[in-house]
Amino acid sequence: MSVITVKTAPIDGQKPGTSGLRKKTRVFMGPHYLENFVAAIWSAIGGVRGKTLVLGGDGRYFNDRAAQVILRMAAASGAKKMIVGQGALLSTPAASHLIRLNKTDGGIIMSASHNPGGPDEDFGVKFNTPNGGPAPENVTDKMVAAAASITEYQIMEAQDVDLSTLGTTTLGDMEIEIVDPVADYANLMKELFDFNALRDLFAGGFTLRFDAMHAITGPYAKTILEDTLGAAPGSVVNATPSPDFGGGHPDPNPIWAKELMDVMMGDDAPDFGAASDGDGDRNMIVGRNCYVGPSDSLAVLAANAHLAPAYSDGLKGVARSMPTSRALDRVAAKRGLDCYETPTGWKFFGNLLDDGRITLCGEESAGTGSDHVREKDGLWAVLLWLNILAKTGKSVQQMMTDHWAEFGRNFYSRHDYESVDAEEANAMIEGLRAKLPGLPGTDVLGATVESADEFSYDDPVDGSRATAQGLRVTFTGGGRIVYRLSGTGTVGATLRVYLEDVSDDPATFTKDTQEALKDMIARADHLAGIAKFTGRQAPDVRT
Ligand code: G16
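This structure is a prediction, so every number in the text was calculated from the model and none was measured.

Where do I start with the side chain of Ser276 in this structure?
Tracing the backbone through its elements, the reader meets Ser276 in strand 12 (residues 272-276). Accessibility expressed as a relative area gives 0% for Ser276, which makes it buried. In this structure Ser276 touches Phe210, Asp211, Ala212, Met213, Thr217, Pro252, Asp281, Arg282 and Gly378, once residues within four positions along its chain are discounted.

This is the structure in structure tokens:
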């Protein structure tokens, strides 16, 4: 086995977005593409020599090939050890846990998360730091700089490593430990939640349908929900991970998890439904005839987390991304908790969690998590919900009704306009940005603008500043519209419009969300000219 030095040159576009570098799979499979980026990671972390990293991915197309390349590059550059999920598989939260458990120097996660997989779909690579969380911007900036000036990389000439068998092997001088992807994560869940109460819940006839969407959480959910907690066999569906997610779009929302929604809205619906995404960090919660929006789910979990053993002493504080609804803020205010508002992207929660300022955090994009790892965690959210239901004896619908009665309701929806022309999308944002200073005090279709600005975030822990994180317009009475361009899409631009309105009148609480937001939706178009710039009459996705 010998180390080869390969001459290369920078490739355009190697800039991580909201969560790692995501591109079309064929782009990643192109000459030097993956290798250049991995070399840029080594450079950004001060070299990989003598280091131990975790490696795994969500099993999407090219996952297995990419793992072999990364291992050969790590061995060639002197890495001490790689801890790899069997079959190069690891859910994102499980990878985060392994990094922390083994006190490694970080890890590489191969995933494009909720984006579809396959040769013509998406692939991604993300580096997580030793705290288990996504690399912050000062690290990804170094990757960008290294990728823009790369001239060569090192790779070992070797046969593929057999990643199918648990145990320890070597590649050159580098040790490779192949671990069960599920075991350590399952043990962590056992520590956090009241498994006896959950066993009793299922033994009492509680029914569940967990849709793994042909993605990585299948094996995790089967082991924990069915084998350990006693949910009826077959409760976890679409449980075998496939390289193209069964041809589906592994994004747990009512559009892409329609199969689950149909079951949950049907006559024989189980008590509880849930879904997770490609890499297992997102979640969707749905009760019998009752969809729970991610922002509401976050608020309910914050209000009731103390019912689970891990959080029985109460929460240190909470956080949400800026576009996430302010339902969480209402819980924080009533319970006397600090509530932080961060830019979109889980990486911004890392410092708050590490510094002990918050215990629980979440985003409107179906991500919820706590200080148990440094990623959002789909199955964790499902288990916390189940723990809360087991302790309260309530249905999901009753939980929501009681929550709104206590805290009021924040009607909330995100409208996505996908694959729109990037220039037009940027022109729309620029036009609106220019209008913001003149908006406060003006009337927009019957509502008065209270404030209008572009969100910047000053990290209270390390003082770093993130600018241009979304345009927001708030109205007197509590309504709000936020506009952002996604940082995870791979084709053109995805415009996200986040709509919120509040009500404290119980008579309105059961209103249909889109109906309740009708006026806000009209204002969003009126202010920014969405239809004019995108050429679309309606969004592609409404969450
Ligand atoms: C990623 C990030 C999340 C973010 C989401 C949407 O999720 O980890 O923090 O909220 O993208 O980002 P954007 O609005 O920029 O597309 P995931 O599940 O794709 O890793």
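Further notes follow.
I keep staring at the pairing of strand 3 (residues 52-57) and nothing clicks. Help me out?
Two faces belong to every sheet, and in a regular strand the side chains alternate between them. Burial runs high along strand 3: six of the six residues are buried. Alternating positions in strand 3 separate into two faces, Thr52, Val54 and Gly56 on one and Leu53, Leu55 and Gly57 on the other, with burial throughout. Where the polypeptide runs from strand 3 across helix 3 (residues 63-76) and back to strand 4 (residues 81-89), its parallel neighbour, the crossover connection is right-handed.

Even after reading the chapter, I still don't get the sheet that holds strand 21 (residues 447-454), so can you show me in this structure?
In a beta sheet, neighbouring strands pair by backbone hydrogen bonds and run either parallel or antiparallel. Spatial strand order, 20-21-24-25-26-19-27: seven strands in an open sheet with antiparallel pairing. A strand with exactly one partner marks an edge of an open sheet, and here the two such strands are strand 20 (443-444) and strand 27 (541-542). The pairing of strand 19 (residues 409-420) with strand 26 (residues 493-503) spans 10 bridges and is antiparallel. Counted as the bridge partner of Asp416 is Arg496 from strand 26.

Can you walk me through the domain arrangement of the chain in this structure?
Accessible area lost when the parts come together is the quantity often used to give the size of an interface. Domain parsing of the chain yields domain 1 (2-180), domain 2 (185-407) and domain 3 (409-542). Between domain 1 and domain 2, the residue contacts involve 32 residues of the former and 32 residues of the latter. For the pair domain 1 and domain 2, the summed buried area comes to about 2400 Å², and 59% of that belongs to carbon and sulfur atoms. Among the residues of domain 1 in contact with domain 2, Pro93, His97 and His114 are the three that bury the most area, contributing 24% of the side total. Here domain 1 is connected to domain 2 by two salt bridges.

Sorry, what's going on with the sheet that holds strand 13 (residues 283-287) here?
A sheet is described by the order of its strands in space; here five strands give the open sequence 11-10-12-13-14, paired in mixed fashion. Of all the strands in the sheet, the pair left with one neighbour each is strand 11 (236-237) and strand 14 (290-292). When strand 12 meets strand 13, the two strands line up antiparallel, connected through five bridges. If you follow Ala274 over to strand 13, its bridge partner there is Ile285.

Hey, could you run me through the site of the ligand in this one?
Within the structure, the ligand sits among 19 residues, and Thr18, Glu363, Ser486, Thr488 and Arg496 are positioned closest to it. Take Arg22: an N or O atom from its side chain is 2.9 Å from an oxygen atom of the ligand. His114 places a polar side-chain atom, nitrogen or oxygen, 2.8 Å from an oxygen atom of the ligand. For the ligand, the accessible surface in isolation is 460 Å², of which the surrounding protein chains cover 99%. Its residues assigned to classes, the shell around the ligand comprises one nonpolar, 10 polar and eight charged.

Parameters at a glance
- Residues numbered from 1 in each chain as written.
- Predicted model: local features only at pLDDT ≥ 70, side-chain atom pairs only at ≥ 80, totals over all residues.
- Heavy atoms only, no water.
- Helix = DSSP H or I, 4+ residues; strand = E, 2+ residues; numbered from the N terminus.
- Buried < 20%, exposed > 50% of the residue type's maximum accessible area, 1.4 Å probe, protein only.
- Contact = heavy atoms within 4.5 Å.
- Right-handed = clockwise from strand over helix to strand, strands pointing away.
- Pairing = 2+ DSSP bridges.
- Domains from an automatic or database assignment.
- Buried area = accessible area lost by both parts, 1.4 Å probe.
- Salt bridge = Lys/Arg side-chain N within 4 Å of Asp/Glu carboxyl O.
- Near = heavy atom within 4 Å.
- Polar contact = N/O pair within 3.5 Å; in protein donor to acceptor, adjacent residues only side chain to side chain.
- Areas by Shrake-Rupley, 256 points an atom, 1.4 Å probe, with all protein chains shown as cover.
- Nonpolar A, V, L, I, M, F, W, Y, C, P; charged D, E, K, R; others polar.

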